[in-house]
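Here is what each chain is made of, one letter per residue.
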Amino acid sequence: MTPAERMRRDVLKSMNLTEEAIEALPAEERVETEERIAREVARRMEIMTGGLDRPASVAAGTLIPS
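Rules behind the numbers
- Residues numbered from 1 in each chain as written.
- Predicted model: local features only at pLDDT ≥ 70, side-chain atom pairs only at ≥ 80, totals over all residues.
- Heavy atoms only, no water.
- Patch = residues over 30% accessible without salt bridge, like charges linked within 9 Å, V, L, I, M, F, W, Y side chains within 5 Å.
- Areas by Shrake-Rupley, 256 points an atom, 1.4 Å probe, with all protein chains shown as cover.
- Salt bridge = Lys/Arg side-chain N within 4 Å of Asp/Glu carboxyl O.
- Lys, Arg positive; Asp, Glu negative; His and termini not counted.
- Charge placed at Lys NZ, Arg CZ, Asp CG, Glu CD.
- Helix = DSSP H or I, 4+ residues; strand = E, 2+ residues; numbered from the N terminus.
- Buried < 20%, exposed > 50% of the residue type's maximum accessible area, 1.4 Å probe, protein only.
- Contact = heavy atoms within 4.5 Å.
- Expected span 1.5 Å × (residues − 1).
- Arc of directions from axis to C-beta.

Things to note about a negative patch on the surface
Okay, step 1: A cluster of like negative charges, contributed by E28, E29, E32 and E35, occupies part of the molecular surface.
Okay, step 2: Tracing the chain through its elements places E29 in helix 3 (residues 27-48).

Some details on the side chain of T33
Okay, step 1: Mapped onto the fold, T33 is located in helix 3.
Okay, step 2: Relative accessible area serves as the criterion here: at 5%, T33 is assigned to the buried category.
Okay, step 3: For T33, the residues in contact, after removing those within four places along its chain, are L17, I22 and L25.

What to know about unusual backbone geometry
Okay, step 1: The phi angle at N16 is positive, at roughly 55 degrees, despite the residue not being glycine.
Okay, step 2: Tracing the backbone through its elements, the reader meets N16 in the loop between helix 1 (3-14) and helix 2 (19-23).

Describing helix 3
Okay, step 1: Between its first and last C-alpha, helix 3 extends 31 Å over 22 residues, near the 32 Å set by a 1.5 Å rise per residue.
Okay, step 2: Here helix 3 has its buried residues at T33, I37, E40, V41 and I47. Angularly, the buried residues of helix 3 cover 120 degrees about the axis, an arc narrow enough to put them on a single face. For helix 3, the exposed residues set more than 90 degrees away from the buried face come down to E28 and R39.
Okay, step 3: Once helix 3 ends, the next one or two residues include G50, with phi positive near 85 degrees.

Dropping the structure here:
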């Protein structure tokens, strides 16, 4: 599993979704859900790679909920 696939799996889990559940959605809802997932994956990747929105606690190596 690639890092991106693991990230998507983790995002789905946090949203209480499965790939099967997404496939079963009506087309319009599926597109909206996939867009939400993509935004969250991108946000998490940005944080992991040192993006501008990275909380100071992540930079320090500890995650403190904001």
